[in-house]
Amino acid sequence: MKIAIASDHGGYLLKEEIKKYLNQRNIDVLDLGTDSEESVDYPEFGHACAEAVVSGKADRGIVCCGTGIGISIAANRVKGIRCALCTDTGMAELTRKHNDSNILAMGGRTTDAATALAITKTWLDTEFEGGRHQRRIDMLDRY
Ligand code: RB5
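Residues numbered from 1 in each chain as written. Predicted model: local features only at pLDDT ≥ 70, side-chain atom pairs only at ≥ 80, totals over all residues. Heavy atoms only, no water.

Quick notes on the site of the ligand
Near the ligand you find Asp8, His9, Tyr42, Cys65, Gly66, Thr67, Gly70 and Arg109, and these make up its full shell. Here an oxygen atom of the ligand sits 2.7 Å away from a polar atom, N or O, in the main chain of Gly66. Within the side chain of Arg109, one N or O atom sits 3.3 Å away from an oxygen atom of the ligand. Relative to its unbound accessible surface of 290 Å², the ligand loses 70% to contact with the protein. Of the residues that constitute the shell around the ligand, the class distribution is two nonpolar, four polar and two charged. (Near = heavy atom within 4 Å. Polar contact = N/O pair within 3.5 Å; in protein donor to acceptor, adjacent residues only side chain to side chain. Areas by Shrake-Rupley, 256 points an atom, 1.4 Å probe, with all protein chains shown as cover. Nonpolar A, V, L, I, M, F, W, Y, C, P; charged D, E, K, R; others polar.)

Remarks on unusual backbone geometry
At the junction of Gly33 and Thr34, the peptide bond is cis and its omega measures out at 5 degrees in the coordinates. Unlike most non-glycine residues, Asn26 shows phi in positive territory, near 60 degrees. Along the polypeptide, Asn26 turns up in the loop between helix H1 (12-24) and strand E2 (28-31). Despite not being glycine, Asp100 shows a phi value in the positive range, around 50 degrees. Examined against the element boundaries, Asp100 turns out to sit in the loop between helix H4 (89-99) and strand E5 (103-107). (Helix = DSSP H or I, 4+ residues; strand = E, 2+ residues; numbered from the N terminus.)

Here we look at the pairing of E2
In terms of strand pairing, strand E1 (residues 2-7) meets E2 through four bridges, oriented parallel. Paired with Ile3 across the two strands is Val29, which belongs to E2. With H1 bridging E1 and its parallel neighbour E2, the resulting β-α-β unit is right-handed. (Pairing = 2+ DSSP bridges. Right-handed = clockwise from strand over helix to strand, strands pointing away.)

Section: the packing of helix H2 (residues 42-54) against helix H3 (residues 69-76)
At a minimum axis separation of 8 Å, H2 and H3 run at an interaxial angle of 45 degrees. One way to sum up the angle between H2 and H3 is to call them oblique. Remark: the crossing between H2 and H3 carries right-handed chirality. Facing H2, whose interface residues are Tyr42, Pro43, Phe45, Gly46, His47 and Ala50, H3 presents Gly70, Ile71, Ala74 and Ala75. Of the residues belonging to the contact of H2 with H3, the class tally is seven nonpolar, three polar and no charged. (Axes fitted to C-alpha atoms, helices over the stretch in contact; angles between N-to-C directions. Parallel < 35°, antiparallel > 145°, perpendicular 65-115°, else oblique. Left-handed = near helix turned anticlockwise from the far one by under 90°. Contact = heavy atoms within 4.5 Å.)

What to know about the sheet that holds strand E3 (residues 60-65)
Read across the sheet, five strands follow the order E2-E1-E3-E5-E4 without closing on themselves; strand pairing throughout is parallel. Each having just a single partner strand, E2 and strand E4 (83-85) make up the two edges of the open sheet. Direction aside, the axes of adjacent strands within the sheet are offset by 25 degrees on average. Two strands pair when backbone bridges link them, and E3 and E5 are joined in this way by five bridges, in the parallel orientation. Directly across from Gly61, in E5, lies its bridge partner Ile103. Against the sheet, helix H5 (residues 113-125) contacts E1, E3 and E5, and its axis sits at roughly 170 degrees relative to E5.

Here's the deal with the nonpolar core
With 18 residues, the main nonpolar core has Ile18, Leu22, Ile62, Leu104, Met106 and Leu124 as its most contacted residues. Of all the secondary-structure elements, those providing two or more residues to this core are E1, H1, E3, E5 and H5. With 17 residues, the next largest nonpolar core counts Ala6, Val53, Ile71 and Ala75 among its residues. (Core = buried A, V, L, I, M, F, W, Y, C linked by side-chain atoms within 4.5 Å. Buried < 20%, exposed > 50% of the residue type's maximum accessible area, 1.4 Å probe, protein only.)

Fair warning: the whole summary comes from geometry, so function is off the table for now.
So this is what it looks like as structure tokens:
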């Protein structure tokens, strides 16, 4: 599996922690920036991660900003993206089972690193349940 990862300055430190975790698991990482805590614009990074996933350059993505909100909105503007902002492992499990989310969003100023890594683990390791959920997912891109 290859994971595209991106953040703005508010999510930069959390992105680096997640990258270390993915490396420990021998998961390929495509880091799309940002590269420091210097102020940047989250839409640019949300779109870049989303484009990497829809183009097939990565299987799934992880994005971080201060709250995870802005960058998740940006990612969700790209057709085919189902980006889920998660603040606990229960949400991570359900969004994989029910929404087949292909990008995980978290907030560097709202979620501590240990929680974020637990969320990441659950999100990576939980499969989509399919069945009735597939029909609803098919409806998302019909708008
Ligand atoms: C940047 O200051 C902040 O607005 C951004 O990281 C994010 O929280 C937006 O949703």
